[in-house]
Amino acid sequence: MSILELKQRVSRLSIRERSELQLYLLRLKRETPAWKRATAKRIRDMQAGKFVTLEELRTRISKK
């Protein structure tokens with residue numbers, strides 16, 4: 001089955017079925033080694049103090 005055929009089939013699904021498919025695809029993505037490595041790196045960075053507080057984020061956004 002081609003990507004085009006998959007897209008056509010998905011377009012005929014109900015909203016509920018599309019939501020279920022979306023959740024399934026997200027779960028598959030989160031099981032990949034690349035996603036797990038990236039998540040582990042973000043956690044290590046946060047534990048090392050590399051993060052932005054909510055107040056800092058608000059300040060940055062308000063300057064734009």
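Everything quoted here is computed from the prediction, not taken from an experiment. (Residues numbered from 1 in each chain as written. Predicted model: local features only at pLDDT ≥ 70, side-chain atom pairs only at ≥ 80, totals over all residues. Heavy atoms only, no water.)

**So, the overall build of the protein chain**
- A tally of regular secondary structure across the protein chain gives 4 helices and 0 strands.
- Reading the protein chain from its N terminus to its C terminus gives the helix and strand order α-α-α-α.
- Its C-alpha atoms give the protein chain a radius of gyration of 19 Å, clearly above 11 Å, the size a compact globule of 64 residues would have.
- Principal-axis analysis of the C-alpha atoms places the extent of the protein chain at approximately 45 × 30 × 20 Å.
- For the protein chain, the exposed area adds up to about 6,300 Å²; of that, 59% sits on carbon and sulfur atoms.
- Of the side chains in the protein chain, 18 bear a positive and 7 a negative charge, and the two mean positions are spaced by 4 Å. (Helix = DSSP H or I, 4+ residues; strand = E, 2+ residues; numbered from the N terminus. Rg over C-alpha atoms; globule rule 2.2 N^0.38 Å. Areas by Shrake-Rupley, 256 points an atom, 1.4 Å probe, with all protein chains shown as cover. Lys, Arg positive; Asp, Glu negative; His and termini not counted. Charge placed at Lys NZ, Arg CZ, Asp CG, Glu CD.)

**Regarding a nonpolar patch on the surface**
- Judged by side-chain polarity, V52, L54, L57 and I61 come together as a nonpolar surface patch covering roughly 360 Å² of accessible area.
- Residue placement: V52 occurs in the loop between α3 (33-47) and α4 (54-62). (Patch = residues over 30% accessible without salt bridge, like charges linked within 9 Å, V, L, I, M, F, W, Y side chains within 5 Å. Salt bridge = Lys/Arg side-chain N within 4 Å of Asp/Glu carboxyl O.)

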